[in-house]
Each structure stands twice: as structure tokens, then as C-alpha cells.
Amino acid sequence: MAQLIEFSNKGLYVPPADIYIDPWKPVNKAIITHAHADHSRYGMNHYLAHEDSANVMRLRLGDIHLSTLKYGESFVQNGVKFSLHPAGHIPGSAQVRVAYKGEVWVAGGDYNTEPDVRICAPFEYVPCHTFITESTFALPVFKWQKPETVFTAIKNHHAQNKAAGKITFLFAYSLGKAQRIMAGLSGETDVFHTHGAVHNVNEALRKQGLDLPPDIRITRDTKPADLSGKIVIAPPSAAGSTWIKRFKPRSTAFVSGWMRLRGTRRRRNVDNGFILSDHADWDGLNKAVQATGAERLFVTHGYTGVYAQYWRDRGLDAREVVTDYTGDEGSESENEEKA
Amino acid sequence: MKHFTRLFTQLDATTKTNERIEALRIYFDSASPSDKIWTIALFSGNRPKKPVNSKQLRQWAAELAQLPLWLFEETYHVVGDLAETMSLIVPENTAKNDVSLSTVMCELVELRSKSDDEKRHYVTKRWSEFNSNERFVFNKLLTGGFRMGVSRKLTVKGLSLHTGIDENTLSHRLMGNPDPLTTTFEKLILSPDDDENLSRPYPFYLAYPLEEEIGLLGKPADWSAEYKWDGIRGQMIARGGRIYLWSRGEELVTDRYPEFEGLENLLPEGVVIDGEILAFAAGKPLDFAKLQKRIGRKKAGKKLLKEVPVVLMCYDILEYEGRDLRSEPFAVRRKLLEKIVTDCDSSQLLLSPVIPFEAWSELKPLRENARTLKTEGLMIKHQNGVYKTGRKRGEWWKWKADPYTADAVMIYAQRGHGRRANLYSDYTFAVWKGDDLVPFAKAYSGLTDKEMKQVDRFVKQNTLEKFGPVRSVNPEMVFEIAFEGIVESNRHKSGIAVRFPRIKRIRHDKEPKEADTLERLKNLIRVKA
Ligand SMILES: [Zn+2]
Ligand SMILES: [Zn+2]
């Protein structure tokens, strides 16, 4: 029997509706789960995404033909019913529910079961027959602390730096993580200083109504002394770049789920690492899979083989799927994706 | 453990030498003498034998975390560190407790002789008491893989600030694997009794690789040249009517080399000689691969002793008549060494010949030719140089012969460990045998992080098959592989074994077809012989 969602070489494909989800090659119609670069790519004739993704997608993809939906809102195409549901990953991130002739599939995209609700809507557990799950952190060593605990640690770190007259650089992906940090640390400083990449995303999100603490973009005219004792948020690519060189003295820290591993922490070559992720941890993934009630599971980007095996052992029809979402096997590459 | 774990966390968080030394000082200032001596021992690589085997540990950790063993193993492979995997995977701590490092170490010493049930009970109890950082340190102590990048030099600097004793004196006091079960901080560091330390070696002076043009060293007359012997570093001590032989790893290896028995009667009392333990027969060095058979063996059998006899190729003297000579100029020490080795007249003690030269240009062909003499290149030492501690620039240079190289095709890739978990960073390379590619070397070092990411991407996009952490890939990428030695080997499919293979560069300009043949590599062995 043909699958309701096929894994084609262009992306996730729904044949009866002729619609793709997060395609990586140009197609006619694409539903985009979220605005991260590896899920939201150039070259589609028509895009459809959650309304909160619209500004950032336009910022990154330019003048695209884009329609939007709210969470829970649905539309029908050739008898296939589509709707978007909160994925908790970043602002506007969605799971795509696809229903056809009584069969329900959910493509989870990237998701986080414990998001910061100041930034994005809480994760919704959507019942389905078949669930397509990510597996970025699908190993039992990945267990997140409570965000408050992490933010307390970052605040202490900042207080120490401030006392020593150092600039606190926090490296975080510019879409999602950066805003989460600002929300988590609001009140810690009157104004954040941001790298242009972060600042542009902030502006795009503010325009669509996200309430973020104020930030000032760092420019050529910014003097190192202006930043003394302040918090700067910059994308990971800024670490070790010439951009950062003139800002001294500084203390650098990387904020990511990967910081859970000593190896990746050392690899980053920063002074500190804080473990905070926009992806579900091991327990979060398991809870999501269970709560969907799905009998069949497809596992995409991350530890696909291991995670599919884990669920096969526990009686699900679970398979690993090869996609083109970067960071296959969860490599902590430079992309915006894996935070 | 909280105190020691805090030290560990601080050392782990910074790569700045001064901050690390300061962390050590602060730790030593407030630690108990028994914790101090254990810390010194651990940082010197001296730790009790593993009390529990790692298979048991993995099982207990998996059971405690309620996970199947295969999942534990897969996870371990990604994390790359067993102690870390266990500390992250077992449930968060329930009990609160603090015990000192020395208490834990004594428990671990005793644990070895306990029953499996007792071991399991003890380990899981401690796991449940510690937080994840303490658990990590505890696991490192359990699995024996304790390194944390604290060198002897760093320990000595921290201790020196703490005690006010100068670094050289401390380095010497720390030599020779102090055992916390038989000595104390007071006895070892503060007021050592020299008679008790007859076997104690001096810290080795290690040469720096010469990378600049040799002419820049200055006047040839100020320098002395020798071959760089391809064995293992050794220090022979004749004191109290006995002989002690130390390896560079500060292991006492006297019993492994019965060849040196009887030298206590030939060498004068109170002599320490620095040299190379070398496989040597019929007036010539043997391949390092031969010596390797002896290195791991606690007791060599008759056959092996005959097949691989060893000598000490002597090149320096550090003590004479019980007097420390290290601050004498090299030329003076060398004269004395020549006299002693000659007087001794033993076929087990050879004098590393000085190579006479008047111009630097005379040395160049000798270096290029060094491999045919089964040496690694040349050593260049300053005539006035004192014998320093550790690896220091300026007066001892090693001028290695260029490595062998071969162009080879990557055929397998494996995920790395530790720092490289998540990246395909360990590769297997092959050369042509007719139309087949035969694997001949594995290498993981030599690439920049950027290149490694590039190769990682290639591997993921060119996978033919996966088996566990290994992938076979399209044989398309060519690499230049450098290696130090090559010998015949019937344990390898290719029939050859290479030493210290590493990646020299990626050959984007080469097609797989242009890679080297096995025939050419086998020829290298013939040329060498
Ligand atoms: Zn993704
Ligand atoms: Zn994402």
C-alpha cells in the first residue's frame, strides 16, 4: 500500500495532494515546519507556513509567495486535510498533521516538548497513526536541566564577568536560541547587545508581535568599552572570527544542547558551555512518541538508526529515514539547525 | 570528592596555563596531606589497578538507567568516553554525601579483592550519592583513564607555589611513581630521606623538533651531532650496588631486560646514564617493530631474548659519584660518559657516536640517509647546554628524516571519540593491488577542524554501507599519508605494517587511479633493508 507521506528525494511528499513538507529541492507547493535554513529553503513556487514564521522566512528567502495558517487552522487539498500544531522548537515552528481517508500522519519537524512559552506556544501532543520524529538528541545521555537552573548559572557567570570588567559573549543560534536567552535573562541587563544576524531576526520577530527585551546592534562604531560588563549575543560563527577580536577583555560561552558532552564543549574552544536546547531531550522524545499513540514511527535527522531500533524493540513499526536536513547523525556543524 | 571535583572542573574549564596553576595552588593550599599525595599520584599517572572491569560497569550503569545494553554501547560510542557516558546516563543523585578523595582511593584499592556483588553494591551506592560531575571524576578513577591534561610540569608549578620549594627539586622528588599507600606528603615532598630513594630517576630532558633551517642555529663548532636512535628512552641508575632501569613513562623496567644484569658490578657506584633502549644485533640496530615485542613483555622467553637482544645506547650522564651533573655543560658530561662507558667495557652499554662535522651542509645527506641505518634522523645538541627538565627549546634539537609518504584512497570512515564524537574522523586508507584497493593504514590526525568537517560531509554523502560506527565510502578521496616506518607483517591483509601513519594533506588534485600501489610500498622495505 502506498504511504500517505513518501520519503522522496526532494523531501517529504504527500502524493494525493501533490504537496511537499520541508523539501530540499525546488517543488511547486511546500509546507514549511519552521524557518531554520535546512527546513525552509529557496526555490519553491508556493510556500505555506505558520504566521509567526512569515517575517523570518521573508527575511531569509526574500520575496516569496507565502500563505500562512494559525495553529489548529486547517485546509483541504484533493481530500487531504492539513493542519499545523505547535512544535515548541522556535517561534512559528509547527508539526504538520495530514489526514486522509481516516488515516492520520504527523510530521513533527523539529520539536521541543518543554519550550519557553514566552517565545513559542507549548508543544501539542497530536494523536496519529504514524509519527515522523526528529532524533537530534535521541540518546539517553541527553537530559536537560530545568531552564531556570541554566539561566541561574548564566546569571552567575555574567555577574562574575561583570565584576572582572569582562564582556559576556553568549554564542547561540540567531533564530530561536538567541530569543530564548533574551527572554530567560530579561531583567539581568537593561539592554542586550547583539550581532547583526541576531538583531535582524529579533526585529523580524518583533514586527509580528513577539515581546522581546530591547537589544542594540553592534556596529563598527561600537567601542569595546561600551560593552564592558554587558551581555552580547552572537551566532556561533562569530566565535573565533575577526569580528570579535577587538572586544576585550571577554569571556565566551556557547549555549547549546551539545554542551552536555564534554567532547563538544572542549571542541568549541570557549570558556564556558551552558546546556540549553530547542530540541526535545531523550525523555521528551520518548514522551512525545508515546503520547501520539502512533503504531508506526519514522525517524529523521539525528541518531536515526539507534532511535528506530529502540522503538522496534518496544514493539513499534519504526524505521529510519534518510533526509537532507543537515547535520545527519547530529553532527554539530555550523548550521542554524542543531541547537 | 567535592573538593577534588571542583579542582577538576576548574582545570577542565580553562586552557590558560596560569589559571590552571592557580587552581592547583588553591587546591593544594586547602587539601589534606593524604588528598594531596593522592592527587600528585593521580596526576603522575600512578593509580591503583582497575578494581572493576569495564564490562561490569557498563552492565550496572545500563541496568540502573533501565536501558538495554546495546543502547548503552551505541551511546558510549558517540560520547567517546566510558566514564562520561556512565555519569550522564545513570539517574540523578538521590542521596547527599561527601567523602574525601583519599577515602575513595583507599576504598578502590580494597575493592579489587571483593566479590562481584560487593563491588556492584559499592559502585551503585557511590553513583547514587554523587552529582554528575563527582560521578564523572569517580568513574574516571574507576576506569583508570585519568588524564585531564595535567602535566607533571603543571603539577610541579602548582606544588611549588604551595610549598615554596623550587621546581627542579620538586620535579626530582616526584620522579619514579610515588605510591600513596607507602609514602606520605611529608616524606615525599617536604622532607625526603634520600637513602630511601636510591632508585629515583631524574626527569628526562626532551628534544624539540627542528623546523627552521639548520644554519640558523649558528656556528657548527658550538654544536654536537648524533644519530637519533629508534628505540625507547631509558635511564640507567647504578646506586647502592644495584641497577635500576627506567623508561620514559617512568616505569621501572629493570626486570624486563635481563641483558643488563651484572652491570652493577661494572659501573662505578652513583652513576646515572641517559640513553636509548635499542634492539641491536650484529653491530646494527633492529627495526623498532622488533623492540616492540620486548616492550610489552614482563618476562621475555629465551627465544625472544635471542631474536631481539637489547642494548643501552648511551648518550648522556646525569650523575657521577652520587653528584648531580645536570648543570654541567654537555661537552663536559659527554667526556665523562665516554670514559665511563669505555671503562665499563660491556657489550650491553654502547656509546652513541658523535658525528664529526665542520659545516652544516655535511649533516644534510646524513639525515636524508638516516633511515637506511634504522635511525630516525639526527640529534643536535649544544656543547654548553645543561640538562634540562622536560621538553625545552634551544639546546637539544631532533632533526628527523623526512617521513615516508604514499597517496592512498579513503575506503572506510569511523566516528571519532571524545573531542571528535559526532564527526567521521577516523579513516582507513587503501592502495592498489591490481584492480583492488587493499587497506594499509588507519589515521585520524593531521587534518584541521575545517578539513575534517569537509571529509565528514563527504563521508555522509558517499556512504556505501553502514556497520555500527563504521561506514564504507565511495573510493574517491585521495590523501597523502606520511609514516615513519614500514615493515613486513603477516598479520595485515596488505602484508605490510606502517608506523605512526598520519594525514599529510588531502590530494584534491589526484584521481583515485593515481594513488600508490602496494608494490611500491613493498619496495620501500626492500630499499631499506
Ligand atoms: Zn531540523
Ligand atoms: Zn530547527
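Residues numbered from 1 in each chain as written. Chains lettered and ligands numbered in written order. Predicted model: local features only at pLDDT ≥ 70, side-chain atom pairs only at ≥ 80, totals over all residues. Heavy atoms only, no water.

## Focus: the environment of B:Lys157
Residue and element names in this part refer to chain B.
Thought 1: Looking at where Lys 157 falls in the secondary structure, it is placed in helix α10 (residues 152-163).
Thought 2: It is 41 Å that separates the C-alpha atoms of Lys 157 and Ala 62, two residues lying 95 residues apart in sequence.
Thought 3: The residues touching Lys 157, leaving out its near neighbours within four places in the chain, are Ile 21 and Glu 167. (Helix = DSSP H or I, 4+ residues; strand = E, 2+ residues; numbered from the N terminus. Contact = heavy atoms within 4.5 Å.)

## Topic: the nonpolar core
Thought 1: Judged by nonpolar contacts, the single largest core of 106 residues is most densely connected at B:Val123 and B:Phe138.
Thought 2: The residues touching B:Val123, leaving out its near neighbours within four places in the chain, are B:Val52, B:Leu57, B:Trp60, B:Leu111, B:Phe138 and B:Leu142. (Core = buried A, V, L, I, M, F, W, Y, C linked by side-chain atoms within 4.5 Å. Buried < 20%, exposed > 50% of the residue type's maximum accessible area, 1.4 Å probe, protein only.)

## A closer look at the domain arrangement of chain B
For interface size, the figure often reported is the accessible area lost on association.
All names here are of chain B.
Thought 1: Domain annotation of chain B identifies domain 1 (2-143), domain 2 (205-400) and domain 3 (404-528).
Thought 2: Facing the eight residues of domain 2 at the interface are five residues of domain 3.
Thought 3: Between domain 2 and domain 3 lies a buried interface of about 680 Å² when both sides are counted; carbon and sulfur atoms form 41% of it.
Thought 4: Put simply, domain 2 and domain 3 have two salt bridges between them.
Thought 5: Between Arg 371 and Glu 484 there is a salt bridge, with the nearest N and O atoms lying 3.0 Å from each other.
Thought 6: Remark: the boundary between domain 2 and domain 3 carries two residue pairs in polar contact (both at pLDDT 80 or more). (Domains from an automatic or database assignment. Buried area = accessible area lost by both parts, 1.4 Å probe. Salt bridge = Lys/Arg side-chain N within 4 Å of Asp/Glu carboxyl O. Polar contact = N/O pair within 3.5 Å; in protein donor to acceptor, adjacent residues only side chain to side chain.)

## Quick look at the pairing of strand β5 (residues 46-50) of chain A
Residue and element names in this part refer to chain A.
Thought 1: The element β5 is largely enclosed, with a buried count of four among its five residues.
Thought 2: The pairing of strand β4 (residues 29-31) with β5 spans three bridges and is classified as parallel. Paired with Ile 31 across the two strands is Leu 48, which belongs to β5.
Thought 3: Relative to strand β6 (residues 66-69), β5 runs parallel, the two sharing four bridges. Bridge pairing in β6 places Ala 49 opposite Thr 68.
Thought 4: A crossover links β5 with its parallel partner β6, the connecting element being helix α1 (residues 54-61), and its sense is right-handed. (Pairing = 2+ DSSP bridges. Right-handed = clockwise from strand over helix to strand, strands pointing away.)

## Points about the environment of B:Leu278
Residues and elements named next belong to chain B.
Thought 1: Examined against the element boundaries, Leu 278 turns out to sit in strand β6 (residues 271-281).
Thought 2: We classify Leu 278 as buried; its relative accessible area is 1%.
Thought 3: Sequence spacing of Leu 278 and Glu 465 is 187 residues, and the spatial spacing of their C-alpha atoms is 44 Å.
Thought 4: Among all residues touching Leu 278, those that are not within four sequence positions of it are Trp 229, Asp 230, Gly 231, Pro 285, Leu 291, Pro 309, Val 310, Val 311 and Met 313.

## Re the interface of chain A and chain B
Thought 1: On the chain B side, the residues contacting the 27 residues of chain A number 29 residues.
Thought 2: Buried area between chain A and chain B, both sides added, is near 2,600 Å², and the carbon and sulfur share of it is 51%.
Thought 3: Joining chain A to chain B, the criterion identifies three salt bridges.
Thought 4: Ionic pairing is found between A:Arg262 and B:Asp12, a salt bridge with its closest N-O pair at 3.0 Å.
Thought 5: In this assembly, chain A and chain B are joined by six residue pairs in polar contact (both at pLDDT 80 or more).
Thought 6: Elements with a minimum of two residues in the side of chain A that touches chain B: α7 (262-268) and α9 (304-313) of chain A.
Thought 7: The leading source of residues in the side of chain A that touches chain B is α7(A), at six residues.
Thought 8: Residues belonging to the side of chain A that touches chain B are distributed by class as follows: nine nonpolar, five polar and 13 charged. (Nonpolar A, V, L, I, M, F, W, Y, C, P; charged D, E, K, R; others polar.)

## What about the coordination of the zinc ion (ligand 2)?
Residues and elements named next belong to chain A.
Thought 1: At this site the zinc ion (ligand 2) is bound by His 34 (NE2), His 36 (ND1), His 89 (NE2) and Asp 110 (OD), with donor distances of 2.1 to 2.2 Å.
Thought 2: In this structure, the zinc ion (ligand 2) is coordinated by four donor atoms arranged in irregular fashion, with angles at the metal of 90 to 166 degrees.
Thought 3: All donors of the zinc ion (ligand 2) belong to a single chain; written as a sequence motif, their spacing is H-x1-H-x52-H-x20-D.
Thought 4: For the pair the zinc ion (ligand 2) and the zinc ion (ligand 1), the metal-to-metal distance amounts to 4.0 Å, and Asp 110 bridges them. Here Asp 110 lies in the loop between β10 (103-107) and β11 (130-135) and His 34 lies in the loop between β4 and β5, a separation of 76 residues in the sequence. The burial state of His 34 is the same as that of Asp 110; both residues are buried. (Donors = N, O, S within 2.8 Å, 3.2 Å for Na, K, Ca; no water. Tetrahedral: all angles 85-135°; square planar, octahedral: opposite > 155°, others 65-115°.)

## Some remarks on the sheet that holds strand β12 (residues 167-171) of chain A
Whenever strands of a sheet pair, they do so through backbone hydrogen bonds, lying parallel or antiparallel.
Residue and element names in this part refer to chain A.
Thought 1: In space, the six strands of this open sheet follow the order β14-β13-β15-β12-β16-β17, with parallel pairing throughout. One side of each edge strand has no neighbouring strand; the edge strands of this open sheet are β14 (215-217) and β17 (272-274). Averaged over all neighbouring strand pairs, the angle between strand axes comes to 30 degrees, with direction disregarded.
Thought 2: Of the pairings in the sheet, the one linking β12 to strand β15 (residues 231-234) comprises four bridges and is parallel in character. By the bridge assignment, Leu 170 is partnered in β15 with Ile 233. (Axes fitted to C-alpha atoms, helices over the stretch in contact; angles between N-to-C directions.)

## Points about the packing of α9(A) against helix α5 (residues 69-79) of chain B
Thought 1: One can describe the packing of α9(A) onto α5(B) by two numbers: an axis separation of 11 Å at closest approach and a directional angle of 170 degrees. Between α9(A) and α5(B), the angle is such that the two are roughly antiparallel. Contacts from A:Val306, A:Gln309, A:Tyr310 and A:Asp313 in α9(A) reach B:Trp70, B:Leu71 and B:Glu74 in α5(B).
Thought 2: Classifying every residue of the contact of α9(A) with α5(B) by side-chain character gives four nonpolar, one polar and two charged. (Parallel < 35°, antiparallel > 145°, perpendicular 65-115°, else oblique.)

## Looking at the packing of helix α6 (residues 82-89) of chain B against helix α9 (residues 132-143) of chain B
All names here are of chain B.
Thought 1: Where α6 meets α9, the closest approach of the two axes is 8 Å, and the angle between their N-to-C directions is 140 degrees. Here α6 and α9 pass one another in a crossing that is right-handed. Across the interface between the two elements, Leu 82, Ala 83, Glu 84, Met 86 and Ser 87 from α6 touch Ser 132, Arg 135, Phe 136, Asn 139, Lys 140 and Thr 143 from α9.
Thought 2: Considered class by class, the residues forming the contact of α6 with α9 number four nonpolar, four polar and three charged. (Left-handed = near helix turned anticlockwise from the far one by under 90°.)

## Side note on helix α4 (residues 196-207) of chain A
Residue and element names in this part refer to chain A.
Thought 1: End to end, α4 covers 16 Å across 12 residues, agreeing with the expected 16 Å (1.5 Å per residue, within 8%).
Thought 2: All of the buried residues along α4 are Gly 196, Val 198, His 199, Val 201, Asn 202, Ala 204 and Leu 205.
Thought 3: Residues of α4 that are buried make contact with α1, α3 (177-185), β13 (192-194), β14 and β15. (Expected span 1.5 Å × (residues − 1).)

## What to know about unusual backbone geometry
Thought 1: The residue after A:Lys248, namely A:Pro249, is reached through a cis peptide bond having omega -10 degrees.
Thought 2: Relative to the helices and strands, A:Pro249 is located in the loop between α6 (242-245) and β16 (250-255).
Thought 3: At B:Glu321, a residue that is not glycine, the phi angle is positive and equals roughly 50 degrees.
Thought 4: Here B:Glu321 lies in the loop between β8 (310-320) and β9 (323-324).
Thought 5: At B:Phe500, a residue that is not glycine, the phi angle is positive and equals roughly 50 degrees.

## Some thoughts on the pattern of salt bridges
Residue and element names in this part refer to chain B.
Thought 1: Inspection of the entire model under this criterion finds 47 salt bridges over all chains.
Thought 2: With a closest N to O distance of 2.5 Å, Arg 25 and Asp 29 form a salt bridge. Of this pair, Arg 25 and Asp 29 both sit in helix α2 (residues 17-30), separated by four residues, roughly a single helical turn.
Thought 3: When its relative accessible area of 23% is taken as the criterion, Arg 25 is described as partly exposed.
Thought 4: Overall, the relative accessible area of 41% leaves Asp 29 in the partly exposed class.
Thought 5: The residue Lys 293 makes a salt bridge to Glu 307 at a minimum N-O spacing of 3.1 Å. Of this pair, Lys 293 sits in helix α14 (residues 288-295) while Glu 307 is found in helix α15 (residues 302-307), placing the two residues 14 residues apart along the sequence.

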